[in-house]
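# Remarks on the overall topology
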Amino acid sequence: MNNPPSLFIGDLVQSRRIIYQPSSFAMQNLLYLQETGSLTVIKPHTSSRQNLSSFLFFYVEEGEGTLSYQNQTYSMKKGDCAFIDCRNKYSQSSSSKNLWSLKWVHFYGSNMSEIYSKYLERGGQVCFSVDDKKSNPFIPILDSIMQTAASSSYIRDMKINEILSHLLTVLMEYSWNPEKAKVSNTKCLNISNVKAFIDQNFTDKIALEMVAKQFNVNKSYLLRLFKENTGLTVNNYILQKRILLAKNELRFSSKTLDVIAEECGFECANYFIRIFKKIEGLTPGEYRKRW
């Protein structure tokens, strides 16, 4: 069971937050909460993070500051929002003259890469302003996430999934900016076609070079465009597909690890075991026993 929101008062910030522990069921099947809370900056400072399997939404309650993300710096003020993929490096800095207060939520789910790509395709912005700040729809959503995470409800994970889905729905409503949608690169290469090709061939010995050759494009161009649209490298996407198939085979078949490794595209069982444990945190044999 999670504790009520904890209050942290340091030299730089005063924050109230919940670090949430979702169930294994939630992590595999739902949108799930990682952390939520609010903070007020006491002294100006910059915080930086990267390579997190997480998506961050935050809202500026008071004050001003900046968000640096993907080689751009965004000035933010009261009423502004940000929605980012934390697998990319980012940093936040409060203004020294007008210290800011934020509300935030870190969350994740198996389909979040695709959802965020769709958000960007529709013209969704990293930072945006809410037109009517008096009826800001995000404040009650963030408050509801905090309240639910602090509750003792036995269906808490399901409720959080519902609230996060609502958050994404509202974000999609704000994302519809056709004039700002990404169109320049996707005209040259349709990433959906690339994904479809990988989905059909990931059990074979394919990698970035083969995919680039298939679509007659430069490897660097493919790598950059694919990551922009999915949040993953081509090789990591292939690996993700292989691990997902392997998990299904471990659960619903009695095949040996050697057979599963070969059928899922791994060069040998030892490599399969090593990669599986690195990603899932347990060996294929331990995973199989759980099911």
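Quantities reported herein were computed from a predicted structural model and do not represent experimental measurements. (Residues numbered from 1 in each chain as written. Predicted model: local features only at pLDDT ≥ 70, side-chain atom pairs only at ≥ 80, totals over all residues. Heavy atoms only, no water.)

### As for the pattern of salt bridges
Per the counting criterion, the structure on display carries 14 salt bridges. Close ionic contact of Asp143 with Lys103 constitutes a salt bridge, the shortest N to O distance being 2.6 Å. Of this pair, Asp143 sits in helix α3 (residues 138–150) while Lys103 is found in strand β10 (residues 101–108), placing the two residues 40 residues apart along the sequence. Members of the salt-bridge network, linked through shared partners, are Glu61, Lys103 and Asp143. (Salt bridge = Lys/Arg side-chain N within 4 Å of Asp/Glu carboxyl O. Helix = DSSP H or I, 4+ residues; strand = E, 2+ residues; numbered from the N terminus.)

### Observations regarding the confidence of the model for the protein
Summarising the model, the protein shows a mean pLDDT of 88, and 90% of its residues fall at 70 or more. A low-confidence stretch, residues 182–187 stays under pLDDT 50, and its non-local contacts, those more than four residues away or across chains, total 8 contacts. (pLDDT = per-residue confidence, 0-100. Contact = heavy atoms within 4.5 Å.)

### A look at the state of the cysteines
Scanning all chains against the criterion turns up 0 disulfides. Of the cysteine sulfurs around Cys86, a residue in no disulfide, the closest is that of Cys127, at 12 Å. (Disulfide = S-S within 2.5 Å.)

### Here we look at helix α10 (residues 269–280)
In this model α10 runs 16 Å from its N-terminal to its C-terminal C-alpha over 12 residues, within 8% of the 16 Å that 1.5 Å per residue would give. For α10, the secondary structure elements touched by its buried residues are α8 (234–252), α9 (257–263) and α11 (284–290). Phi turns positive one or two residues past the end of α10, at Gly281, with a value near 85°. (Expected span 1.5 Å × (residues − 1).)

### Structural notes on the packing of helix α2 (residues 112–121) against helix α7 (residues 219–230)
Between two packed helices, both the angle of their axes relative to each other and the distance between the axes serve to describe the pair. Here α2 crosses α7 at 100°, and the two axes come no closer than 7 Å. With respect to each other, α2 and α7 are oriented roughly perpendicular. Taken together, the residues of α7 that come into contact with α2 (itself represented by Ser113, Ser117, Leu120 and Glu121) are Glu228, Asn229 and Thr230. Looking at the contact of α2 with α7 residue by residue, the class counts come to 1 nonpolar, 4 polar and 2 charged. (Axes fitted to C-alpha atoms, helices over the stretch in contact; angles between N-to-C directions. Parallel < 35°, antiparallel > 145°, perpendicular 65-115°, else oblique. Nonpolar A, V, L, I, M, F, W, Y, C, P; charged D, E, K, R; others polar.)

### A word on unusual backbone geometry
Residues other than glycine predominantly adopt negative phi, and peptide bonds predominantly adopt the trans conformation. In the Ramachandran plot, Gln70 falls in the positive-phi region, its phi being about 50° despite a non-glycine side chain. Of note, Gln70 is situated in the loop between β6 (64–69) and β7 (72–77). The partly exposed category is assigned to Gln70, whose relative accessible area is 41%. Despite not being glycine, Asn216 shows a phi value in the positive range, around 55°. Secondary-structure assignment places Asn216 in the loop between α6 (208–214) and α7. With relative accessibility at 71%, the residue Asn216 sits in the exposed group. (Buried < 20%, exposed > 50% of the residue type's maximum accessible area, 1.4 Å probe, protein only.)

### Topic: the sheet that holds β6
Read from one edge of the open sheet, 4 strands run β4-β9-β6-β7, paired in antiparallel fashion. Strands with a single pairing partner mark the edges of an open sheet, and in this sheet they are β4 (46–49) and β7. Ignoring strand direction, the axes of neighbouring strands in this sheet form an average angle of 15°. When β6 meets β7, the two strands line up antiparallel, connected through 6 bridges. (Pairing = 2+ DSSP bridges.)

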